[in-house]
Amino acid sequence: RMLICVGFVGLLLSSGCSNPSLSVVDPSGEVGRTQLGLIYLSTGIMTFVTVVVAAIYIYVVIRFRERPGDTHIPKQVEGSTTLEILWTVIPILLLIILAIPTVTTTFKLEKRPAPSEKAVQINITGYQYWWKFIYPQDGISTANEVHIPVGKPIEFVMQSHDVIHAFWVPSLGGKRDLEPGRVNRLTLKADKPGTYDGKCTELCGASHALMNFRVIAHQPAEYEKWVRSMKKPASKPTSVLASEGKRLVGQNCIGCHAIRNAGYKILGATGPELTAFSERTRIAGVLDNNPQNLRVWLKNPQNVKPGSRMPSFGHLKKKQVDALVKYLESLKGRPQ
Ligand code: CUA
């Protein structure tokens, strides 16, 4: 059983090392590093306690075992004041060593960035089972994938639309609940550009385990470019099929999904924003973003993400689905 446990822990640790990063032991930000320090400290103390207790246990079992020919009852011990003081004081000391950095770190993480740090504010709303990201300073919005500049504090201001969710990007650190009717904050900073996977870590319904998101960190200049591109008019359909797709999106999708700067009069707000959709790396946070998977998703979203509010478009003709896919996969924020 021990072997299985060790193997399982090893598997957990190693599975975190793939790309994109989803690993607490390979942090890419200050908060993650501080928390890793705490993880090492607590693991160290726990290992020390386990080793000492196991060693004493094994020693006692061997040293005082019943030997053949033993007939007399050993000396009965009623208690030892010295030992009792020792095994009370040592745990108290260990807990104090653990508590001081834990409490100070907790308060440090609560601190909001100073105005001089020019933090980027990103508002997050959690929905069953997707993430809305709004950039109030820039007036843009995305879903399930959030772009940030490296080296700058990012102040995430979060709440929930329905049930409790939790925001966690293991590589950057943190973890904060999104609660309905309450605003929580978490400030993170990425040191290097990269893609960091994030997960919902509060059981929130059937597709909790599929409520994924990604943090994409860019160099500041690249990030500014991305922000500008998100404000540009969407690329115009370049084929008859894509034009038909644009019309069908207007009929079928735009009531729930917003596509900014594409000429639609409505900006749906109940579903994930689709502006610059083709630049997303994944569909609904679960499938790789490609035309094939988009067809799979449109046909029956419940197969992919049970409990999702997205209705099925299985009733559309193949040609119509082709048109929808063609148009959505042509939506680029970036100038061509
Ligand atoms: Cu949202 Cu779990």
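Note that the structure is predicted; figures quoted are calculated from it, not measured.

So, how was this worked out
Residues numbered from 1 in each chain as written. Predicted model: local features only at pLDDT ≥ 70, side-chain atom pairs only at ≥ 80, totals over all residues. Heavy atoms only, no water. Axes fitted to C-alpha atoms, helices over the stretch in contact; angles between N-to-C directions. Helix = DSSP H or I, 4+ residues; strand = E, 2+ residues; numbered from the N terminus. Parallel < 35°, antiparallel > 145°, perpendicular 65-115°, else oblique. Left-handed = near helix turned anticlockwise from the far one by under 90°. Contact = heavy atoms within 4.5 Å. Nonpolar A, V, L, I, M, F, W, Y, C, P; charged D, E, K, R; others polar. Buried < 20%, exposed > 50% of the residue type's maximum accessible area, 1.4 Å probe, protein only. Polar contact = N/O pair within 3.5 Å; in protein donor to acceptor, adjacent residues only side chain to side chain. Patch = residues over 30% accessible without salt bridge, like charges linked within 9 Å, V, L, I, M, F, W, Y side chains within 5 Å. Areas by Shrake-Rupley, 256 points an atom, 1.4 Å probe, with all protein chains shown as cover. Salt bridge = Lys/Arg side-chain N within 4 Å of Asp/Glu carboxyl O. Arc of directions from axis to C-beta. Domains from an automatic or database assignment. Buried area = accessible area lost by both parts, 1.4 Å probe. Disulfide = S-S within 2.5 Å. Core = buried A, V, L, I, M, F, W, Y, C linked by side-chain atoms within 4.5 Å.

Engineer: What am I meant to see in the packing of helix 2 (residues 30–63) against helix 3 (residues 81–110) here?
Structural biologist: The packing of two helices is summarised by the inter-axis angle and the distance between the axes. Packing of helix 2 against helix 3 brings their axes to within 11 Å, and their N-to-C directions diverge by 165 degrees. Classified by the angle between their axes, helix 2 and helix 3 sit roughly antiparallel to one another. Handedness of the crossing formed by helix 2 with helix 3: left-handed. Counting all contacts with helix 2, which are made through Val31, Thr34, Gln35, Leu38, Leu41, Ser42, Ile45 and Val49, the residues of helix 3 involved are Leu94, Ile97, Leu98, Pro101, Thr102, Thr105, Lys108 and Leu109. A breakdown of the residues in the contact of helix 2 with helix 3 according to their chemical character gives ten nonpolar, five polar and one charged.

Engineer: Explain the side chain of Ser141 to me, please; I cannot follow it from the model alone.
Structural biologist: Residue placement: Ser141 occurs in strand 3 (residues 140–143). Judged by its relative accessible area of 5%, Ser141 is buried. Side-chain polar atoms of Ser141 contact the backbone oxygen of Phe133, separated by 3.3 Å. One polar contact links Ser141 to Glu273, side chain to side chain, over a distance of 3.2 Å. Beyond its immediate stretch of four places on either side in the chain, Ser141 contacts Lys132, Phe133, Ile134, Met230, Arg260 and Glu273.

Engineer: Hey, could you run me through a nonpolar patch on the surface in this one?
Structural biologist: Taken together, the side chains of Phe48, Val49, Val52, Val53, Ile56, Tyr59, Val60 and Phe64 define a hydrophobic patch exposed on the protein surface, amounting to about 760 Å² of accessible area. Tracing the sequence through the fold places Val49 in helix 2. Looking at Val49, the relative accessible area reads 34%, which means it is partly exposed.

Engineer: Is there a simple way to think about helix 6 (residues 291–299) in this case?
Structural biologist: Think of an α-helix as 3.6 residues a turn; residues three or four steps apart then line up on the same face. Turning to helix 6, its buried residues number three or more, namely Asn293, Leu294, Trp297 and Leu298. Burial along helix 6 is one-sided: seen end-on, the buried residues are contained in an arc of 135 degrees. Of the residues in helix 6, the exposed ones pointing more than 90 degrees away from the buried face are Gln292 and Lys299. Buried-residue contacts for helix 6 involve strand 11 (282–283), strand 12 (287–288), helix 7 (301–304) and helix 8 (318–328).

Engineer: I would appreciate a short explanation of the domain arrangement of the protein in the present structure.
Structural biologist: You'll often see interface size given as the accessible area lost when the parts meet. Looking at the protein, the domain boundaries give domain 1 (20–62 + 79–231) and domain 2 (240–328). Measuring from the centre of the C-alpha atoms in domain 1 to the corresponding centre in domain 2 gives 32 Å. Summing the contributions of domain 1 and of domain 2, the shared interface buries around 1,700 Å²; its carbon and sulfur component is 46%. Contact with domain 2 buries surface across domain 1, with Glu145, Leu210 and Met230 losing the most and accounting together for 26% of the total.

Engineer: So what exactly am I meant to see when it comes to the state of the cysteines here?
Structural biologist: Linking two cysteines covalently via their sulfur atoms produces the bond known as a disulfide. By the definition in use, this model includes zero disulfides. With no disulfide partner, Cys253 has as its closest neighbouring cysteine sulfur the one in Cys256, 8.7 Å distant.

Engineer: Before we go on, may I ask you to explain the nonpolar core in this structure?
Structural biologist: In summary, soluble globular proteins display a tendency toward joint burial of nonpolar side chains. Membership of the largest hydrophobic core comes to 34 residues, with the highest contact counts inside it found for Ile122, Trp131, Phe133, Ile148, Phe156 and Phe167. Examining the composition of this core, we find that four residues originate from one element, helix 4 (residues 220–231), more than from any other. Core analysis: the next-biggest nonpolar cluster, separate from the first, contains 27 residues, Val304, Phe313, Tyr327 and Leu331 among them.

Engineer: Help me understand the pattern of salt bridges, please; the structure alone is not making it clear to me.
Structural biologist: Think of it this way: side chains of opposite charge can pair up when their charged atoms draw near. Summed over all chains, the structure comprises 13 salt bridges. Its salt-bridge partner being Arg176, residue Glu110 comes within 3.5 Å of it at the nearest N-O pair. On the criterion of sequence distance, the pair formed by Glu110 in helix 3 and Arg176 in strand 7 (residues 173–178) is long-range, its members being 66 residues apart. The residue Asp197 makes a salt bridge to Arg214 at a minimum N-O spacing of 2.8 Å. With Asp197 in strand 9 (residues 194–200) and Arg214 in strand 10 (residues 212–218), this residue pair connects regions lying 17 residues apart in the sequence. Here Asp197 matches Arg214 in class, with each residue buried. The network of salt bridges with shared partners includes Arg112, Glu155 and Arg185.

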